[in-house]
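# Observations on the model geometry
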Amino acid sequence: MHLENNSKILVTGVGSGLGKYIHEKIPSSLGMNRNNCKDILQKIRYEGVDTIVHCACNKSRDKYYDLYNDNLKLTELLSDVPHKNFVFISSVDVYSDVDNVYSMMKKVAEDIVKIRSNQFLILRLSALLGKHMKKNNIVKAVFDERPILSLTKDSTYSLISYEHVLKIITESVKNNIFGTYDVVAKKEISMRDIVEYCGKKDTVKFGEYNYLTKKIDGGIIEKKLGLAHNNSQYALESYINES
């Protein structure tokens, strides 16, 4: 089954970020957001879909009931929809040395998908780059003339592009490759190198928080699908070129 030619695809989280990107790249897909969630669930409750691509996520830190509804209950409701394939966008934060609300939500949601869905593809992603992403330190470094960052110059990222994630989803469904995989860059990049690549080393103001991405090998799903396992600079270059 080829994802782009599949008219019964549901994509969640289409208000921004990866979900919006995938929904735009697959115009025939059904896009779910916070406003139409109930209507769409009612519509597909019995007729079902072929593939669910679940990108929606609430990262609030203190609204626990909303966290439950938006992350866990929604995942359960989606798993009840008749489907053939369930793609869940998770995070490498499940490997955090100290559990936080976000990492715990992802861990529990993963278990829901594993237990309740049919063929599942769980992608544990590192830092994402692409159109429609919310403003963060990387976006500031790329677009602001005088970036004011919250991170130190030694902070590191493992960057992957929206385009790469969509390729993995498409080829996995097409070739019936399912399971749980880490999707990370072949090589990390420092905040200092990002700023220098963007030509902002003389105008940037670094912050005090030191973020070090957890080192994870990855590359397994790329090898299975015959896709390139790119480094972080490649993702950064692609992001800048498409912006």
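Look a little higher up for the structure.
Just so we're clear, the structure is a prediction, and the values are computed from it rather than from any experiment. (Residues numbered from 1 in each chain as written. Predicted model: local features only at pLDDT ≥ 70, side-chain atom pairs only at ≥ 80, totals over all residues. Heavy atoms only, no water.)

## Observations concerning the packing of helix 3 (residues 64–80) against helix 4 (residues 101–116)
- Two numbers describe how helix 3 lies on helix 4: the axes approach to 9 Å, and their chain directions differ by 15 degrees. Classified by the angle their axes make, helix 3 and helix 4 are roughly parallel. Handedness of the helix 3/helix 4 crossing: right-handed. Residue-level contacts link Tyr64, Leu67, Tyr68, Asn71, Leu72, Thr75, Glu76, Ser79 and Asp80 of helix 3 to Val101, Met105, Val108, Ala109, Ile112, Val113 and Arg116 of helix 4.
- Among the residues making up the contact of helix 3 with helix 4, the classes are represented as 10 nonpolar, 3 polar and 3 charged. (Axes fitted to C-alpha atoms, helices over the stretch in contact; angles between N-to-C directions. Helix = DSSP H or I, 4+ residues; strand = E, 2+ residues; numbered from the N terminus. Parallel < 35°, antiparallel > 145°, perpendicular 65-115°, else oblique. Left-handed = near helix turned anticlockwise from the far one by under 90°. Contact = heavy atoms within 4.5 Å. Nonpolar A, V, L, I, M, F, W, Y, C, P; charged D, E, K, R; others polar.)

## What to know about the pattern of salt bridges
- Under the defined criterion, the tally for this structure stands at 10 salt bridges.
- For Asp80, the salt bridge is made with Arg116, and the minimal N-O distance between the two is 2.6 Å. Here Asp80, found in helix 3, pairs with Arg116, found in helix 4; they are 36 residues apart in sequence, far enough to count as distant.
- We classify Asp80 as exposed; its relative accessible area is 51%.
- Looking at Arg116, the relative accessible area reads 35%, which means it is partly exposed.
- For Asp97, the salt bridge goes to Lys214, with nearest N and O atoms at 3.0 Å. Of the two residues, Asp97 sits in the loop between strand 4 (85–91) and helix 4 while Lys214 sits in the loop between helix 7 (191–197) and helix 8 (220–225), which places them 117 residues apart along the sequence.
- For Asp97, a relative accessible area of 72% puts it in the exposed group. (Salt bridge = Lys/Arg side-chain N within 4 Å of Asp/Glu carboxyl O. Buried < 20%, exposed > 50% of the residue type's maximum accessible area, 1.4 Å probe, protein only.)

## With respect to helix 1 (residues 17–25)
- Of all the residues in helix 1, the buried ones are Gly17, Leu18, Gly19, Tyr21 and Ile22.
- Buried residues along helix 1 sit in contact with strand 1 (9–12), strand 3 (51–54), strand 4, strand 5 (119–125), strand 6 (127–129) and helix 6 (162–174).

## Observations regarding the sheet that holds strand 3
- On the basis of which strands lie adjacent, the open sheet formed by 6 strands has the order 2-1-3-4-5-9 and parallel pairing. Each having just a single partner strand, strand 2 (30–32) and strand 9 (179–183) make up the two edges of the open sheet. Neighbouring strand axes in the sheet, compared pairwise and without regard to direction, differ in orientation by 15 degrees on average.
- The pairing of strand 1 with strand 3 spans 4 bridges and is parallel. Pairing of Ile9 across the sheet is with Thr51, part of strand 3.
- Running over the sheet, helix 1 touches strand 1, strand 2, strand 3, strand 4 and strand 5 and is turned about 150 degrees from strand 1.
- Of the strands in this sheet, strand 4, strand 5 and strand 9 are in contact with helix 4, which crosses strand 4 at around 165 degrees. (Pairing = 2+ DSSP bridges.)

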